[in-house]
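Tertiary structure, described
This is what each chain is made of:
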Amino acid sequence: MSGPDPLATVWPASAVRVRSGDLELRWMDDGLLVELARLAARGVHEPDAMPFEHPWTRGTPDEVARSVLAYQWNTRPQVSPSRFALELAVVHDGIPVGVQGLVADDWNILRRVQTGSWLGREHQGHGIGTRMRILALHLAFAGLGAREAISGAFTDNPASNAVSRRVGYEPDGSFHVAREGVAVLHSRYTMSRERWESLRDRHSEILGSPVELLGIEGFRRHIDPRDAPRAPHTRKQ
């Protein structure tokens, strides 16, 4: 019988998993991170588009891959009750296809997360973006006890805006954001816990399989020692 994972014992974020059928969100070790960096280097969007506030996808394939590595290595340590940034690999049918992130500032006070993500171009248009967002919301609300989730997208990014509407976020206004030296309109969306609860049946239909949460208790103790759940280590909902 294998013992506890030594890494998860000292760094609980490394044990976090969210699964439904053939789709999984999971912490990325360096091997998985390199695969995702190579995926991003092959393209995340059309060359004349820019869906991100910080244009990390500009440059040669090697430069893009290094941007992914540098960002993820810098983000990993950001786990505390005051702020956490949890970046998870999106794995579809065993293949890394993108990244789904959850960021929270003043978590122990606000209980609010912001989601952000990307998919490799070769994996877009198959409904993965919608399903991975639903898994992220399930992790936030059912797993971590969030009060609210927010997301956003530039108005010229129809795919991301469509995902937010399809999942059931409520529009929360628009504002201008500087992007590559130009002011561009950015739409904001919100999801309250109450609204998420009302949408769970719809989300279950979209996913098509039960959601399984793993490694959540240790991570919750890390971001808020007062809020450690008493449920079993593995939960299916």
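These lines cover the structure that appears in this document, whether it is placed above or below. Note that the structure is a prediction, hence the values are computed from the model and not measured.

Secondary structure summary: the protein chain contains nine helices and ten strands in total. Against the 2.2 N^0.38 benchmark of 18 Å for 237 residues, the protein chain shows a C-alpha radius of gyration of 17 Å, consistent with a compact globule. Taking the principal axes of the C-alpha coordinates as reference, the protein chain spans close to 50 × 40 × 35 Å. Among the 237 residues that make up the protein chain, the fraction classed as buried is 48%. Sequence separation of 24 or more characterises 64% of the internal contacts of the protein chain that already satisfy a separation of 6 or more. Carbon and sulfur atoms make up 51% of the accessible area of the protein chain, which amounts to about 11700 Å² in all. Within the protein chain, the 29 negative side-chain charges are centred at a point lying 4 Å from the centre of the 29 positive side-chain charges.

Its identity as a non-glycine residue notwithstanding, Asp93 has a phi of 55 degrees, on the positive side. Relative to the assigned elements, Asp93 resides in the loop between strand 3 (83-92) and strand 4 (95-105). For Asp93, a relative accessible area of 60% gives the class exposed. A positive phi angle, near 50 degrees, is found at Glu180, a position not held by glycine. Looking at the element boundaries, Glu180 is found in the loop between strand 7 (170-179) and strand 8 (182-192). On the accessibility criterion, Glu180 (43% relative accessible area) is partly exposed.

All right, on to the pairing of strand 3 then. Among the ten residues that make up strand 3, eight are buried, leaving the element largely enclosed by the rest of the structure. In the sheet, strand 2 (residues 23-27) pairs with strand 3 via five bridges, with the strands oriented antiparallel. Following the sheet pairing, Leu23 is matched in strand 3 by His92.

Moving on: helix 5 (residues 128-143). In this model helix 5 runs 21 Å from its N-terminal to its C-terminal C-alpha over 16 residues, within 8% of the 22 Å that 1.5 Å per residue would give. The element helix 5 is extensively covered by neighbouring structure, given that 16 of its 16 residues are classed as buried. Two residues or fewer after helix 5 comes Gly145, characterised by a positive phi angle close to 80 degrees.

The end-to-end C-alpha distance of helix 3 (residues 61-75) is 21 Å, a good match for the 21 Å that 15 residues give at a rise of 1.5 Å each. For helix 3, the full list of buried residues reads Val64, Ala65, Val68, Leu69, Gln72 and Thr75. Taken down its axis, helix 3 places every buried residue within 140 degrees of arc, on the same side. The outward face of helix 3, more than 90 degrees from its buried face, is lined by the exposed residues Arg66 and Asn74. Along its buried surface, helix 3 packs onto helix 2 (30-41), strand 3 and strand 4.

This next bit is on the packing of helix 5 against helix 8 (residues 200-207). Relative orientation of the contacting elements helix 5 and helix 8 amounts to 135 degrees, with a least axis distance of 10 Å. Considered as vectors, helix 5 and helix 8 are oriented oblique to each other. Considering only the axes of helix 5 and helix 8, their crossing is left-handed. Note on element contacts: helix 8 touches helix 5 through Arg200, His203, Ile206 and Leu207, opposite Thr130, Arg131, Ile134, Leu135, Leu137 and His138. Here the contact of helix 5 with helix 8 is composed, by residue class, of five nonpolar, three polar and two charged.

With respect to the secondary-structure elements, Trp11 resides in the loop between helix 1 (6-10) and strand 1 (17-20). Sequence-wise, Trp11 and Gly173 are 162 residues apart; in three dimensions their C-alpha atoms are separated by 37 Å. Among residues more than four places away in sequence, those in contact with Trp11 are Trp27, Arg76, Pro77, Val79 and His222.

A few words now on the nonpolar core. If you look at the biggest cluster of nonpolar residues, it comprises 43 residues, and the most contacted ones within it are Phe84, Leu139, Met191 and Phe219. Secondary structure elements with two or more residues in this core: strand 2, strand 3, strand 4, strand 5 (112-119), helix 5, helix 6 (158-167), strand 8 and helix 9 (216-223). Sorting elements by how many residues they give to this core places helix 5 first, with ten residues. Those residues within four positions of Leu139 in sequence are excluded, and the remaining contacts are Val16, Val18, Leu86, Leu88, Leu102, Leu144, Leu213 and Ile216.

Cut-off values and rules
- Residues numbered from 1 in each chain as written.
- Predicted model: local features only at pLDDT ≥ 70, side-chain atom pairs only at ≥ 80, totals over all residues.
- Heavy atoms only, no water.
- Helix = DSSP H or I, 4+ residues; strand = E, 2+ residues; numbered from the N terminus.
- Rg over C-alpha atoms; globule rule 2.2 N^0.38 Å.
- Buried < 20%, exposed > 50% of the residue type's maximum accessible area, 1.4 Å probe, protein only.
- Contact = heavy atoms within 4.5 Å.
- Areas by Shrake-Rupley, 256 points an atom, 1.4 Å probe, with all protein chains shown as cover.
- Lys, Arg positive; Asp, Glu negative; His and termini not counted.
- Charge placed at Lys NZ, Arg CZ, Asp CG, Glu CD.
- Pairing = 2+ DSSP bridges.
- Expected span 1.5 Å × (residues − 1).
- Arc of directions from axis to C-beta.
- Axes fitted to C-alpha atoms, helices over the stretch in contact; angles between N-to-C directions.
- Parallel < 35°, antiparallel > 145°, perpendicular 65-115°, else oblique.
- Left-handed = near helix turned anticlockwise from the far one by under 90°.
- Nonpolar A, V, L, I, M, F, W, Y, C, P; charged D, E, K, R; others polar.
- Core = buried A, V, L, I, M, F, W, Y, C linked by side-chain atoms within 4.5 Å.

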